[in-house]
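Survey of secondary and tertiary structure
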Amino acid sequence: MKRGDKALVVFSGGQDSTTCLFWALRHFEKVRTITFSYGQKHSIEIDAARKIAEMAGVDFHTVDITPITAIGKNSLTDTTVVMDSEKPETGCPNTFVPGRNLFFLSIAAVYAREAGIHDLVTGVSQTDFSGYPDCRDSFIRSLNVTLNLAMDEQFVIHTPLMWLDKAQTWALADRLGVFDIVRNSTVTCYNGIPGEGCGHCPSCLLRNNGLKKYLSDRESILLTVSGI
Ligand code: ZN
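Residues numbered from 1 in each chain as written. Predicted model: local features only at pLDDT ≥ 70, side-chain atom pairs only at ≥ 80, totals over all residues. Heavy atoms only, no water.

Points about helix α4 (residues 100–114)
What sets the pattern is the α-helix's 3.6 residues per turn: residues three or four places apart point alike. Given a rise of 1.5 Å per residue, 15 residues ought to cover 21 Å, and the 21 Å separating the end C-alpha atoms of α4 matches this to within 8%. For α4, the complete set of buried residues consists of Arg100, Asn101, Phe104, Leu105, Ala108, Ala109 and Ala112. Viewed end-on, α4 has its buried residues packed into an arc of 150°, placing them on one side of the element. The inward-facing, buried residues of α4 contact β1 (4–10), β2 (28–37), β4 (119–121), α5 (137–151) and β5 (156–158). A positive phi of about 70° marks glycine 116, the residue just after α4. (Helix = DSSP H or I, 4+ residues; strand = E, 2+ residues; numbered from the N terminus. Expected span 1.5 Å × (residues − 1). Buried < 20%, exposed > 50% of the residue type's maximum accessible area, 1.4 Å probe, protein only. Arc of directions from axis to C-beta. Contact = heavy atoms within 4.5 Å.)

Here it is, written out as structure tokens:
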């Protein structure tokens, strides 16, 4: 049984949000996507998102929030910053875009409100969160309350990947019947290379290690996730 009639997916064209898009299509009658342009070095991400949305037959909407994310210095939007190859002992890696999920979800909620949508879906995960504070469950719950208070609405933020590791996220894509689409058509790589990516940036390492783990123990990891 579907949970509701309409949902809005915060969508980047990467592994996680693409899996969430197909999760949402199982749970909601009508699904829309919202994609943010925030000065990413690689516009190929947005092209990939557009193509996947077309493939899935859902509305695709982009919003440019470059001015707000450009205030904080990070290696995903600033070509002068050399990307951290791993998480530093203290603090976040410089691939962290300060406020990104706060802005994404807040703007998504305003857009959803205008469209009469109360269900928001985001692919954040606390399990493999790379030290990003805005991927944690406590942040999402807090923001959910704040958005409802801010707009006197009853939004529900869904986080299907919150407690899954990357291998289980692959398993979920498999359960949803979109393993090949996620594997071949998404862009997760911080260097903007589709599919398996460059293989050495932190995002590729996380994705490819998860894939390797999943493929080495597919049947048993598949049992740990439910697509419905
Ligand atoms: Zn990469």
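Points about the coordination of the zinc ion
For the zinc ion, every protein donor is listed as Cys189 (SG), Cys198 (SG), Cys201 (SG) and Cys204 (SG), and the spread of their distances is 2.3 to 2.4 Å. Classification of the site at the zinc ion rests on its 4 donor atoms, whose angles at the metal span 104 to 117°, yielding the label tetrahedral. All donor residues of the zinc ion come from one chain, and their arrangement in sequence is C-x8-C-x2-C-x2-C. Classification of cysteine 204 as buried rests on a relative accessible area of 2%. (Donors = N, O, S within 2.8 Å, 3.2 Å for Na, K, Ca; no water. Tetrahedral: all angles 85-135°; square planar, octahedral: opposite > 155°, others 65-115°.)

Some remarks on the sheet that holds β5
The sheet built from 5 strands is open, its strands ordered β3-β2-β1-β4-β5 with parallel pairing. If you trace the sheet from one side to the other, it starts and ends with β3 (59–64) and β5, each paired once. Ignoring strand direction, the axes of neighbouring strands in this sheet form an average angle of 25°. Note that β2 and β3 share 6 bridges and pair parallel. By the bridge assignment, threonine 35 is partnered in β3 with threonine 62. (Pairing = 2+ DSSP bridges. Axes fitted to C-alpha atoms, helices over the stretch in contact; angles between N-to-C directions.)

Observations concerning the environment of threonine 186
Secondary-structure assignment places threonine 186 in the loop between α7 (179–185) and α8 (202–216). On the basis of relative accessibility, which here comes to 0%, the residue threonine 186 falls in the buried class. Measuring from C-alpha to C-alpha, the distance between threonine 186 and glutamine 15 comes to 5.7 Å, with 171 residues separating the pair along the chain. Among the polar contacts listed, one links the side chain of threonine 186 to the backbone oxygen of valine 182, at a separation of 2.6 Å. A polar contact is formed between the side chain of threonine 186 and the side chain of arginine 207, at a distance of 2.8 Å. (Polar contact = N/O pair within 3.5 Å; in protein donor to acceptor, adjacent residues only side chain to side chain.)

Digging into the nonpolar core
One finds Val9, Phe11, Leu21, Ala24, Val31, Val121 and Tyr214 to be the most contacted residues of the largest nonpolar core, which totals 32 residues. Elements with a contribution of two residues or more to this core: β1, α1 (15–27), β2, α2 (44–56), α6 (166–175), α7, α8 and α9 (218–222). Residues Ala109, Ala112, Ala115 and Phe155 belong to the second largest nonpolar core, which totals 30 residues. (Core = buried A, V, L, I, M, F, W, Y, C linked by side-chain atoms within 4.5 Å.)

Quick look at the packing of aromatic side chains
Summed over all chains, the structure comprises 5 aromatic pairs. On the numbers, 6.1 Å between centres and 50° between planes, the contact of phenylalanine 179 with tyrosine 214 is tilted. Pair noted here: phenylalanine 179 is in helix α7 and tyrosine 214 is in helix α8, with a separation of 35 residues, a long-range link. You can call phenylalanine 179 buried: its relative accessible area is 7%. Taken together through their ring pairs, the aromatic side chains of Phe36, Tyr38 and Phe104 make up a single cluster. Arginine 218 extends its terminal NZ or CZ atom over the ring of phenylalanine 179, reaching a point 4.8 Å from the ring centre. (Phe/Tyr/Trp six-rings, centres within 6.5 Å; stacked < 30°, edge-to-face > 60°. Lys NZ or Arg CZ within 6 Å of the ring centre and 35° of its normal.)

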